[in-house]
Amino acid sequence: MRVLVVEGEPGAGTDAVAALIAAGHDITSCHDEGSTFPCHGLAGGSGCPLEEDGPVDVALLVRGTPNTEPTPTEDGLRCALRRHVPLAIVGALDGNPYQRFAAATSTAVGDSVATTEQAANSPLAAHAGVARAALQTMLRSEGLDESNADAVVTRNGSALWVLLRPGLALDPMLVEVASVRVLAAVRAHDRAASIIDVSVADDDTAPARAPT
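Rules used in this analysis
- Positions within a chain are numbered from 1, following the residues in the order the chain's sequence is written.
- Owing to the predicted nature of the model, reporting of local features is limited to residues with pLDDT of at least 70; listing and counting of side-chain atom pairs is limited to 80 or more, with chain, interface and lining totals taken over all residues.
- Hydrogens and water molecules were not included; the side-chain quantities draw on all heavy atoms of the structure.
- In this text, helices come from DSSP runs of H or I with a minimum length of four residues, and strands from runs of E with a minimum of two, each type numbered from the N-terminal end.
- For every residue, the accessible area (1.4 Å probe, protein chains only) is compared with the maximum for its type, and the residue is labelled buried under 20%, exposed over 50%, or partly exposed between those bounds.
- What makes two residues a contact is simply this: any of their non-hydrogen atoms within 4.5 Å.
- Here the accessible surface of atoms and residues is derived via Shrake-Rupley with a 1.4 Å probe, and residues count as covered only by protein chains that are part of the display.
- How sure the predictor is of each residue is captured by pLDDT, a score from 0 to 100.
- Here, strands pair whenever DSSP counts at least two bridges between them.
- Convention adopted: a line fitted to C-alpha atoms gives each axis, helices being fitted over their contacting stretch, and angles between N-to-C directions are expressed from 0 to 180 degrees.
- Contacts described as polar in this section are N or O atom pairs within 3.5 Å, which, within protein, must combine one atom able to donate a hydrogen with one able to accept it, while residues neighboring in sequence count only if both atoms come from side chains.
- Multiplying one less than the number of residues by 1.5 Å gives the expected span of a helix.
- This arc describes the spread of directions from the helix axis toward the C-beta atoms.
- For salt bridges, the criterion is a side-chain nitrogen of Lys or Arg within 4 Å of an Asp or Glu carboxyl oxygen.

**Student:** I would appreciate a short explanation of the overall build of the protein in the present structure.
**Tutor:** When helices and strands are counted, the protein shows six helices and eight strands. Ordered by position from N to C terminus, the α and β elements of the protein give β-α-β-α-β-α-β-β-α-α-β-β-α-β. Considered along the principal axes of its C-alpha atoms, the protein spans approximately 60 × 35 × 30 Å. When the 212 residues of the protein are sorted by exposure, 42% land in the buried category. Taking the intrachain contacts of the protein between residues at least 6 apart in sequence as the baseline, contacts between residues at least 24 apart amount to 66%. Of the accessible surface of the protein, which amounts to about 10,300 Å², a share of 52% is contributed by carbon and sulfur atoms.

**Student:** How do you make sense of the confidence of the model for the protein when you look at a structure like this?
**Tutor:** Close inspection of predicted coordinates is inappropriate in any region flagged by low pLDDT. Across the protein, the average pLDDT comes to 89, with 92% of residues at 70 or higher. Within the model, the stretch residues 204-212 combines pLDDT values under 50 with 19 contacts to residues more than four positions away or in other chains.

**Student:** I'm lost on the sheet that holds strand E6 (residues 150-156) in this one. Help?
**Tutor:** Backbone hydrogen bonds are what pair the strands of a sheet, in a parallel or an antiparallel way. The three strands are arranged E6-E7-E8 in an open sheet whose pairing can be described as mixed. Because the sheet does not close on itself, it has two edges, and the strands there are E6 and strand E8 (195-200). When the angles between neighbouring strand axes are averaged without regard to direction, this sheet yields 15°. In this structure, E6 lies alongside strand E7 (residues 159-165), joined through seven bridges in antiparallel fashion.

**Student:** Any chance you could explain the sheet that holds strand E3 (residues 58-63) here in plain terms?
**Tutor:** Strand order in the open sheet formed by five strands is E2-E1-E3-E4-E5, and the pairing between neighbours is parallel. Only two strands of the sheet have a single partner each, and these edge strands are strand E2 (26-28) and strand E5 (104-106). Across the sheet, the mean angle separating the axes of adjacent strands is 25° when strand polarity is ignored. Against the sheet, helix H4 (residues 112-121) contacts strand E1 (2-7), E3, strand E4 (87-91) and E5, and its axis sits at roughly 160° relative to E4.

**Student:** Got a minute to help me understand the side chain of asparagine 96 in this structure?
**Tutor:** By the element assignment, asparagine 96 lies in the loop between E4 and E5. Relative accessible area serves as the criterion here: at 6%, asparagine 96 is assigned to the buried category. Reaching out from asparagine 96, the side chain makes a polar contact with the backbone nitrogen of tyrosine 98 at a distance of 2.9 Å. Beyond its immediate sequence surroundings of up to four residues, asparagine 96 is in contact with Leu61, Arg63, Asn67 and Ile89.

**Student:** Help me out: how do you make sense of helix H6 (residues 172-189) in this one?
**Tutor:** Compared with the 26 Å implied by 1.5 Å per residue over 18 residues, the 26 Å span of H6 between its first and last C-alpha is a close match. Three or more residues of H6 are buried, namely Leu174, Ala178, Ser179, Val182 and Val186. All buried residues of H6 project into a common sector of 135° when viewed along the axis, lining one side. When the buried face of H6 is taken as reference, the exposed residues oriented beyond 90 degrees from it are Met173 and Glu176. Between the side-chain oxygen at the start of H6 and the backbone nitrogen of methionine 173 there is a gap of 3.0 Å, and the oxygen is on aspartate 171.

**Student:** Please explain the pattern of salt bridges as it appears in this structure.
**Tutor:** Any two side chains of opposite charge can pair if their charged atoms end up close together. By the definition in use, this model includes four salt bridges. Put simply, arginine 132 and aspartate 150 hold a salt bridge, and the shortest N to O gap is 2.9 Å. With arginine 132 in helix H5 (residues 125-141) and aspartate 150 in strand E6, the pair connects residues that are 18 residues apart, well separated along the chain. We note a salt bridge from arginine 140 to glutamate 146, for which the minimum N-O separation is 3.1 Å.

In structure tokens, the structure reads:
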């Protein structure tokens, strides 16, 4: 798994990086150690980690001290969040402005590996809401009951896997219609996704997330 590690202040993520590497994960960053500007994307060289060398699976923010404002070393999180990269936060949480965007958090930096993996594997709530609304709209337009319709969206690298559970059996034509409309809605929500794979379950026996 490729992890973008962002430090609230220089050196805050040293232990987290060591733990992630020991767990077999690849680490990337937006800045050289101790630097706040320019980021790698502006400086050239290795380039932006969100655009070079394959997708970032998850971003990890490590904060050593509380702060109610974003810090200069955290600028890469804005780019990651705009691309809908899942976010994990460890360390100081009080007043953290990024906390509402996080998929997983812990006050203990020692939980970096578990928290990062949890965030990477968590279903995407906002994407699922978009997919669910599109599915419900389609069902309603066909005069069908949409009350039990649901959707699960998970991320693997920059690819999205969408599982639709309409709550009732659909004929093949409506399965195709649902897939196309949900695909369009999710693509409009997340233009950074490289692939969006939509499947429709007949019942609750289908897998709840994409195979990795």
